[in-house]
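One-letter residues, chain by chain:
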Amino acid sequence: MSTIAQTNRKELFGHPVGLFILFFTEMWERFSYYGMRGILTLYIAASATAIDPGLGWTNKDAIWLYGWYTMLVYVASIPGGWIADKFLGQKKTVLIGGILLCLGHGVLAIPQDWAFFTGLILIILGVGGLKPNISTMVGGLYKEGDIRRDSGFTIFYIGINVGAFLASISVGLVAYYYGWHYGFGLAGIGMLLGQIVFMWGQKFLKGVGEFTGGENVTEAEKAAAKRPLNKIEKDRVIVLLISFLIVVVFWGAFEQAGGLMNLYTDAKVDRTIGLSWLQEIPAAVFQSLNAGYIIIFGTLVGGFWITVKKKGKEASSLFKMAVGTIIMGLGYVFMMFASQEASAEVFGKAAMIWIFLAYLFHTIGELCTSPVALSFITKLAPLKYASIMMGVYFAATGFGNKLAGNIGESAQLEPFEGTMIVEKQEVIPFMSKDTIEVKNNKNKVVKVYDYPINLDKNFSIKSNVYLQDGNLVFNQFESNKDLNKLFKLSTGEESNTSELKETLKENKATAENPYHANLIFEKDPDAAKQIENVGDGKNYGVSFVLEEEQSEQEYRTFMYLTIFTVAFGLLVILFLKKLKKLTHGAEDNERKLKDVQDNEPYELEENV
């Protein structure tokens, strides 16, 4: 991280102009990332035979892919940081990463399976090059000990969330009205704008992010790149690595937002608002809450910690991160309330207020943790390993994302599966006609009023489920019409029918006190592609989970997330003094500089 030309650097609102170039670059990059992220699991889990087809995967598999993708996005920061430190410098690596991101989002807009996975790979590589290095460049705008560094990162962090806020609403609505791939395409336009801003603003970033092995660095920086680490630097690296454990735990809980909480909002939250142009809020739009709260509360939370520090109370980075983890964990208490409300009645749904409150607590926790962690790294990381340590931080974030995926997977039960065994005339009495969007022979979307099965579309039947004389009984919910004749459950080694019977037996599910399931009938995607098969009512599979078991599993997941994150945050606070010793007063220098700034504000600003 180069510090050339830090003196006499042009300023805007008390900060280097370069901060705002990086602000807008990252804002549009995050617009593209969070826009795509907001609809990713919904697209993966969407039916492959819908009017706007998704991949047709189960919720469990959708979260599995989401976990791997978000992990790799951040783990790629390690080679991205290494390439910057050893070969290109942060600035050039950010430029290349941005180009890869533009290509990735562009490819993702193509409605083909190969394009989807190719686009994800390009985005992983692009974020790996851009994300750690642009954050390191923010730190490079400030001198060591400059108290403006934390507020600079907070401003930068607000830029991230302006992009995320705009993306979650606009991309979510575009995907809802026009289709998944239009949503992906809009996200790509955001990345293109970010790349243009970065290339235009190079004149404000001179001396920042240059390759430390090149000619544009000082002799002191060249020497720092060659000499071995001293005792203080080694201790600071140790405390950084320990702080990364906090990062893994924090993001492992926080990143349920794009996976489990996204799918839960889609299925279990009453999103109805009844507007003529928008009957219900698309689930993806709720992803904007986190970013919106950050824009509202970002400076307030930052100001709170500055006030605490001025009063001489505990306000170290590690303390803030621990408190943030606790606050974020408490947000899952509201998800427990949501789960209880949804479970209070059969096929019930929770009120939107619980989602608003959960995201509020998650956001306050994030503001105490994430921007602080970024600044903490730039304070403690040795110059020669600046980008690598930032890369390790984002890798820790990636491992947290993978942990989040594993947790989200565990909250989703494996569905029971079967096959429809009757002609469509026998199943039509169990469904109703509806207005359905289909593509005509001219590939235009038109509305047709018909039974879903006549158009090869999915349909569902709500069912009571119980055991009678050792046999499974499925009756239509409310009408009690027999559903056993419509389908048969899978048999063989992979069948989990015996597990279904055991669960019903253990919970004493009877005709008077049944369990419940929403039976999803879906036509095989390959059969649906054959024109001659249209509307024949054949090749339909059936899948379902027991509503009571799924609700209980979700409730347990939210409860365990609360307990573990709060306990971990308290454990960090318990060992806080020992951890602070390893920093060797890195943040004490900041306090001393603040005293100077209070006495000589003009002179200090002039030297930055």
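Remember, it's a predicted structure, so these values are computed and weren't measured experimentally.

What counts and how
- Residues numbered from 1 in each chain as written.
- Predicted model: local features only at pLDDT ≥ 70, side-chain atom pairs only at ≥ 80, totals over all residues.
- Heavy atoms only, no water.
- Axes fitted to C-alpha atoms, helices over the stretch in contact; angles between N-to-C directions.
- Helix = DSSP H or I, 4+ residues; strand = E, 2+ residues; numbered from the N terminus.
- Parallel < 35°, antiparallel > 145°, perpendicular 65-115°, else oblique.
- Left-handed = near helix turned anticlockwise from the far one by under 90°.
- Contact = heavy atoms within 4.5 Å.
- Nonpolar A, V, L, I, M, F, W, Y, C, P; charged D, E, K, R; others polar.
- Polar contact = N/O pair within 3.5 Å; in protein donor to acceptor, adjacent residues only side chain to side chain.
- pLDDT = per-residue confidence, 0-100.
- Phe/Tyr/Trp six-rings, centres within 6.5 Å; stacked < 30°, edge-to-face > 60°.
- Patch = residues over 30% accessible without salt bridge, like charges linked within 9 Å, V, L, I, M, F, W, Y side chains within 5 Å.
- Areas by Shrake-Rupley, 256 points an atom, 1.4 Å probe, with all protein chains shown as cover.
- Salt bridge = Lys/Arg side-chain N within 4 Å of Asp/Glu carboxyl O.
- Pairing = 2+ DSSP bridges.
- Buried < 20%, exposed > 50% of the residue type's maximum accessible area, 1.4 Å probe, protein only.
- Expected span 1.5 Å × (residues − 1).
- Lys, Arg positive; Asp, Glu negative; His and termini not counted.
- Charge placed at Lys NZ, Arg CZ, Asp CG, Glu CD.
- Core = buried A, V, L, I, M, F, W, Y, C linked by side-chain atoms within 4.5 Å.
- Arc of directions from axis to C-beta.

1. Here's the deal with the packing of helix α11 (residues 288-310) against helix α13 (residues 353-380)
With their axes 9 Å apart at the nearest point, α11 and α13 run at an angle of 45 degrees to one another. Comparing the axis directions of α11 and α13 gives the class oblique. For the pair α11 and α13, the sense of crossing is right-handed. Side by side, α11 and α13 meet where Leu289, Asn290, Tyr293, Ile294, Phe297, Gly298, Val301 and Trp305 of the first sit next to Ile355, Phe356, Tyr359, Leu360, Thr363, Ile364, Glu366, Leu367 and Cys368 of the second. Looking at the contact of α11 with α13, its residues break down into 13 nonpolar, three polar and one charged.

2. Remarks on the side chain of Gln550
Looking at the element boundaries, Gln550 is found in helix α18 (residues 547-574). In this structure the side chain of Gln550 is engaged in a polar contact, spanning 3.2 Å, whose partner is the backbone nitrogen of Leu413. What Gln550 contacts, discounting residues up to four positions off in sequence, is Lys268, Ala411, Gln412, Leu413 and Val545.

3. Quick word on the confidence of the model for the protein chain
The predicted model of the protein chain has a mean per-residue pLDDT of 84, with 89% of residues at 70 or higher. When mean pLDDT is taken per element in the protein chain, α18 scores highest with 95 and helix α21 (residues 601-607) scores lowest with 28. Predicted confidence is poor over residues 1-7, with pLDDT under 50, and the contacts of this stretch with residues over four places away or in other chains come to 33 contacts. Low confidence marks residues 592-608, where pLDDT is under 50. Its contacts with residues over four positions away, or in another chain, come to 18 contacts.

4. Quick word on the packing of aromatic side chains
For the structure on display, the rule yields 34 aromatic pairs. Judged by centre distance (5.0 Å) and plane angle (85 degrees), the ring pair of Trp251 and Phe254 falls under edge-to-face. In this pair, Trp251 and Phe254 are both assigned in helix α9 (residues 231-254), three residues apart and thus about one turn of the helix distant. A ring pair is formed by Trp305 and Phe319, whose centres lie 6.0 Å apart and whose planes are at 90 degrees; its orientation type is edge-to-face.

5. Some thoughts on a nonpolar patch on the surface
A cluster of nonpolar side chains, namely Tyr176, Tyr177, Tyr178, Tyr182, Ile273, Leu275 and Trp277, defines an oily patch on the protein surface of about 820 Å² accessible area. Per-element accounting of the nonpolar patch gives the leading share, three residues, to helix α6 (residues 148-178). Note that Tyr176 resides in helix α6.

6. Side note on the sheet that holds strand β7 (residues 471-476)
Whether parallel or antiparallel, the strands of a sheet pair through hydrogen bonds between backbone atoms. The sheet built from six strands is open, its strands ordered β7-β6-β9-β10-β3-β8 with antiparallel pairing. Looking along the sheet, the strands with just one partner apiece sit at the ends: β7 and β8 (487-489). Between one strand axis and the next, the sheet turns by 35 degrees as a mean value, whatever way the strands run. Bridging between strand β9 (residues 515-523) and strand β10 (residues 540-544) involves four bridges; their strand directions are antiparallel. By the bridge assignment, Lys523 is partnered in β10 with Tyr540.

7. Details of the environment of Thr510
Of note, Thr510 is situated in the loop between α16 (497-506) and β9. Along the chain, Thr510 and Asn464 lie 46 residues apart, while their C-alpha atoms are 9.5 Å from each other.

8. Looking at the pattern of salt bridges
Applying the stated criterion across every chain, the model contains eleven salt bridges. With its nearest N and O atoms 2.6 Å apart, the salt bridge here joins Lys231 to Asp235. Taken together, the residues Lys231 and Asp235, both in helix α9 and four residues apart, mark about one turn of the helix. Judged by relative accessible area, which is 9%, Asp235 ranks as buried. Each of the salt bridges in this network shares a partner with another, and the network as a whole consists of Asp266, Arg271 and Glu280.

9. As for unusual backbone geometry
A positive phi angle, near 80 degrees, is found at Glu478, a position not held by glycine. Looking at where Glu478 falls in the secondary structure, it is placed in the loop between β7 and β8. In this model, Lys508 sits at a positive phi of 55 degrees, which is unusual for a non-glycine residue. The topology assignment puts Lys508 in the loop between α16 and β9.

10. Focus: helix α2 (residues 59-75)
Here α2 spans 24 Å end to end across 17 residues, near enough to the 24 Å set by a 1.5 Å rise per residue. Listing the buried residues of α2 in full gives Lys60, Ala62, Ile63, Leu65, Tyr66, Gly67, Tyr69, Thr70, Met71, Val73 and Tyr74.

11. Describing the pairing of β7
Counted residue by residue, β7 has five buried out of six residues, so it is predominantly covered. Sheet topology note: the strand β6 (residues 459-468)/β7 ladder contains six bridges and is antiparallel. Looking across to β7, one finds that Leu467 is bridged to Leu472. The turn joining β6 and β7, which pair antiparallel and follow one another in sequence, is formed by two residues; a positive phi near 55 degrees is taken by Asp469.

12. Side note on a negative patch on the surface
Residues Asp61, Glu414, Glu417 and Glu499 make up a contiguous surface patch of negative charge. Summarising the element assignment, Glu414 is placed in the loop between α14 (386-410) and β3 (416-420).

13. Things to note about the nonpolar core
Formed by 123 residues in total, the largest nonpolar core has its most connected members in Leu22, Tyr69, Phe116 and Tyr393. Looking at this core element by element, the count peaks at 14 residues for helix α1 (residues 17-45). Beyond its immediate stretch of four places on either side in the chain, Phe116 contacts Leu40, Tyr43, Ile44, Leu55, Leu65 and Leu108. One finds Met431, Phe459, Phe487 and Phe521 within the second-largest nonpolar core, a separate group that totals 31 residues.

14. Description of α16
A turn of α-helix holds 3.6 residues, and therefore any two residues three or four places apart point the same way. Considered for burial, the residues of α16 that qualify are Thr497, Leu500, Thr503 and Leu504. For α16, the angular spread of buried residues about the axis comes to 120 degrees, placing them on one side. Across α16 from its buried face, at more than 90 degrees, point the exposed residues Ser498, Lys505 and Glu506.

15. Describing the packing of helix α12 (residues 317-343) against α18
Contact geometry for α12 and α18: axes closest at 8 Å, N-to-C directions at 160 degrees. Of the possible angle classes, the one that applies to α12 and α18 is roughly antiparallel. Between α12 and α18 lies a crossing of left-handed hand. Residue composition of the contact of α12 with α18, grouped by class: 19 nonpolar, nine polar and no charged.

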